[in-house]
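# Residue-level structure breakdown
Okay, here's what each chain looks like letter by letter:
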Protein chains: 2
Amino acid sequence: VPEHGAPSGDGARYAEPLTATPDVPRRSAAEEARTLVASTTVAALATLSEDGTPWSSLVRFATLPDGAPVLVVSTMAEHGRNLLREPRASLCVAAGGDGDPLDRGRVTVVGAVRRPDDDAPLAVYEAAVPTARGMAAYTDFGVWVLDVDRVRWVGGFARMDTVTASDYAGARPDPVAPAAAGALAHLNADHADALLDIARALTGHPDATQASATALDRFGIDLRVATPRGPATARAGWDAPLTSPGQLRAASVELVRRARVTG
Amino acid sequence: VPEHGAPSGDGARYAEPLTATPDVPRRSAAEEARTLVASTTVAALATLSEDGTPWSSLVRFATLPDGAPVLVVSTMAEHGRNLLREPRASLCVAAGGDGDPLDRGRVTVVGAVRRPDDDAPLAVYEAAVPTARGMAAYTDFGVWVLDVDRVRWVGGFARMDTVTASDYAGARPDPVAPAAAGALAHLNADHADALLDIARALTGHPDATQASATALDRFGIDLRVATPRGPATARAGWDAPLTSPGQLRAASVELVRRARVTG
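Below: a short report on this structure. (Residues numbered from 1 in each chain as written. Chains lettered and ligands numbered in written order. Predicted model: local features only at pLDDT ≥ 70, side-chain atom pairs only at ≥ 80, totals over all residues. Heavy atoms only, no water.)

## Structural notes on the overall build of chain A
Counting its secondary structure elements, chain A contains eight helices and 10 strands. Across its three principal directions, the C-alpha atoms of chain A cover 65 × 50 × 30 Å. Residues counted as buried form 48% of the 263 residues belonging to chain A. The average position of the 26 basic charges and that of the 32 acidic charges among the side chains of chain A differ by 3 Å. (Helix = DSSP H or I, 4+ residues; strand = E, 2+ residues; numbered from the N terminus. Buried < 20%, exposed > 50% of the residue type's maximum accessible area, 1.4 Å probe, protein only. Lys, Arg positive; Asp, Glu negative; His and termini not counted. Charge placed at Lys NZ, Arg CZ, Asp CG, Glu CD.)

## Comments concerning the relation of the copies chain A and chain B
With an RMSD of 0.0 Å, the operation that places chain A on chain B is a rotation of 180° combined with a shift of 0.0 Å along the axis. Such a combination of turn and shift is consistent with a two-fold rotation axis. A shared interface surface links the copies, since 100% of the contact residues of chain A are contact residues in chain B too. (Least-squares fit on C-alpha atoms with pLDDT ≥ 70 in both. Contact = heavy atoms within 4.5 Å.)

## Quick notes on the side chain of serine 56 of chain A
Looking at where serine 56 of chain A falls in the secondary structure, it is placed in strand S2 (residues 54-63). Polar side-chain contacts of serine 56 of chain A include one of 3.0 Å to the backbone oxygen of alanine 44 of chain B. Apart from the residues lying within four places of it in its own chain, the contact partners of serine 56 of chain A are Leu45 of chain A together with Ala44, Leu45, Ala46, Ser90, Leu91, Cys92 and Thr108 of chain B. (Polar contact = N/O pair within 3.5 Å; in protein donor to acceptor, adjacent residues only side chain to side chain.)

## A few points about the interface of chain A and chain B
The accessible area lost on association of the parts is a frequent measure of interface size. Each partner contributes to the interface: chain A provides 45 residues, whereas chain B provides 45 residues. Summed over both sides, the interface of chain A with chain B buries roughly 3700 Å², with 67% coming from carbon and sulfur. The interface formed by chain A and chain B holds six salt bridges in total. Glutamate 78 of chain A is the partner of arginine 150 of chain B in a salt bridge, and the nearest nitrogen-oxygen pair spans 2.8 Å. In this assembly, chain A and chain B are joined by 17 residue pairs in polar contact (both at pLDDT 80 or more). A per-class count over the side of chain A that touches chain B returns 23 nonpolar, 12 polar and 10 charged. (Buried area = accessible area lost by both parts, 1.4 Å probe. Salt bridge = Lys/Arg side-chain N within 4 Å of Asp/Glu carboxyl O. Nonpolar A, V, L, I, M, F, W, Y, C, P; charged D, E, K, R; others polar.)

## Description of the sheet that holds strand S9 (residues 220-227) of chain B
Residue and element names in this part refer to chain B. Read across the open sheet, the three strands follow the order S8-S9-S10; overall the sheet is antiparallel. The open sheet has two edge strands, strand S8 (210-216) and strand S10 (230-237), and neither has a second partner. Here the strands of the sheet are splayed against their neighbours by 25° on average, with no regard to which way each runs. In terms of strand pairing, S8 meets S9 through six bridges, oriented antiparallel. (Pairing = 2+ DSSP bridges. Axes fitted to C-alpha atoms, helices over the stretch in contact; angles between N-to-C directions.)

## Focus: the side chain of arginine 106 of chain B
Residue and element names in this part refer to chain B. With respect to the helices, strands and loops of the structure, arginine 106 is situated in strand S5 (residues 106-114). Notably, arginine 106 is buried but unbridged: the nearest opposite-charge side chain belongs to aspartate 103, and the N-O separation is 6.8 Å. A polar contact of 2.8 Å, which involves the side chain of arginine 106, links it to the backbone oxygen of leucine 102.

## Examining the pattern of salt bridges
Any two side chains of opposite charge can pair, given that their charged atoms come close. Under the criterion given, the structure shown has 32 salt bridges over all chains. Here arginine 260 of chain B and aspartate 197 of chain B are joined by a salt bridge, their closest N and O atoms 2.6 Å apart. Here arginine 260 of chain B is found in helix H8 (residues 248-262), whereas its partner aspartate 197 of chain B is found in helix H7 (residues 192-202), with 63 residues between them in sequence. Judged by relative accessible area, which is 46%, arginine 260 of chain B ranks as partly exposed. One network of salt bridges, with partners in common, ties together Arg26, Asp217, Asp222 and Arg235 of chain A.

## Quick notes on helix H6 (residues 177-190) of chain A
A rise of 1.5 Å per residue sets the reference length of H6 of chain A, with its 14 residues, at 20 Å; its end C-alpha atoms lie 20 Å apart and thus fit the reference within 8%. Burial in H6 of chain A covers these residues: Ala180, Ala183, Leu184 and Leu187 of chain A. (Expected span 1.5 Å × (residues − 1).)

## Here we look at the sheet that holds strand S8 (residues 210-216) of chain A
Residue and element names in this part refer to chain A. Strands sit in the order S8-S9-S10 across an open sheet of three strands; the sheet is antiparallel. Two strands lie at the open edges of the sheet, namely S8 and strand S10 (230-237), each paired on one side alone. Strand-to-strand twist across the sheet, computed as the mean angle between neighbouring axes with direction ignored, equals 25°. Sheet analysis places strand S9 (residues 220-227) next to S10, joined by eight bridges and oriented antiparallel. Bridged to alanine 226 within S10 is proline 231. Running at roughly 90° to S8, helix H7 (residues 192-202) makes contact with S8, S9 and S10 of the sheet.

## Some thoughts on empty space enclosed by the protein
Residue and element names in this part refer to chain B. Across all of its chains, the model carries one cavity of 30 Å³ or more by this definition. For the largest cavity, the full set of lining residues is Leu187, Leu195, Ile198, Ile221, Trp238, Ser252, Leu255 and Val256. Elements supplying a minimum of two residues to the lining of the largest cavity: H7 and H8. Counting residues per element, the lining of the largest cavity draws most heavily on H8, which supplies three residues. Here the residues of the lining of the largest cavity are counted per class, giving seven nonpolar, one polar and no charged. (1 Å grid on protein atoms, 1.4 Å probe; cavity = no way out; pocket = protein on both sides within 12 Å on 5 of 7 lines; lining within 4 Å. Points joined across faces, edges and corners; volume = space filled by probe spheres on them.)

Take a look at the structure:
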């Protein structure tokens, strides 16, 4: 019986690079987790119901600068009553997109909720979830901060890691992430030739016949490459890690220039 | 301090019908729950972790004819290990769409998982989640059926109900639901005049100036109507409850005909 996620099974599916290529850094698991949590205000909350059943519910949330989620929930809802009785809880945040959601990233942040000491978390929540403005004035609503003590990140099938509370709090969301989907769509729609030049010159697949971009982050770009030896995955790095979405265009132009000088 | 969901607050926002209108049936809460669960294979699972924390995770699932969810999970994942130790669990399924997800339906089904007695649940799972075919052959994967003993349905802000296990098992998903989104888009794009005729003649808003369809089910169609008295919500019923998506076109044509004869 095969082992789930054994490296030999995964690696055998892709053509290897023909030449040595530089190792392009990837986001740490903590950074992946912070990036995912910062990407949305919709999550699944797990709380403990009175009969001992873990209770799954839909919530909107906001994120404090240290990554702690903020919730505003009603005691008219079971999750709101659960938090009053048992502060242990977790939030699961999943990446959006097409296709099988289990092929995409998701993260579970675990901890205990507490009432905040000041109004800052509510202000952060109301800025992130405008439809919730004024809700906290209703007597049945309460503001909670989830103090995170453990994080589990899954990047897709057989790619996962546990993140400590301090690594999670110390990491920052990838500043390029909010622009990544738009940039990917633009590159694939209008610059297939440039992506192919990058794949050929910079990723060890000089015989590539086609390339498309599958992901993009502050360190570089992931490619799916077709070669006569079969499909391959590849990665090319920007000259330096980016610190804002505004740098994406110049970094892409420079990457293509480097490919064409090299190739 | 206002009360959350007090009827006076909600009702005051909409113009009332000017004439008496027939009461068009709505799906029961059990039927809403079954329809939502049948609409997708993606859910949030809540299980109990070893340290007592409710654990929220993303899963794919399938649905048996009685509405019981089927899961295939790995013990390499925390939720898989949790189910081995503690069978109590719940699944939250949320309706897709645009805008605030808290304005749309979601349902939590609660119960205890068990290993199935035969291969039928796995066959149902593999049919519903084709990417999972063969996964159950790996030693770390296990098939589970969630025996449902309680259901909580929330239709949107301040619209909710609890459903018993027998009502849930006895209800059926709305047969029209798989075609509802496409039919709505078609009606709004190409038949705004017909929707306005329906709103004027059949829903008590003879002064309506605009109407769009917001939802559609086996009993009828929900409208959002503009009137000189302010916005209104309205509902018009088919001649008889529908039993298949193929009946939608004829039922819509008949509804418009009735509006034009009446109006």
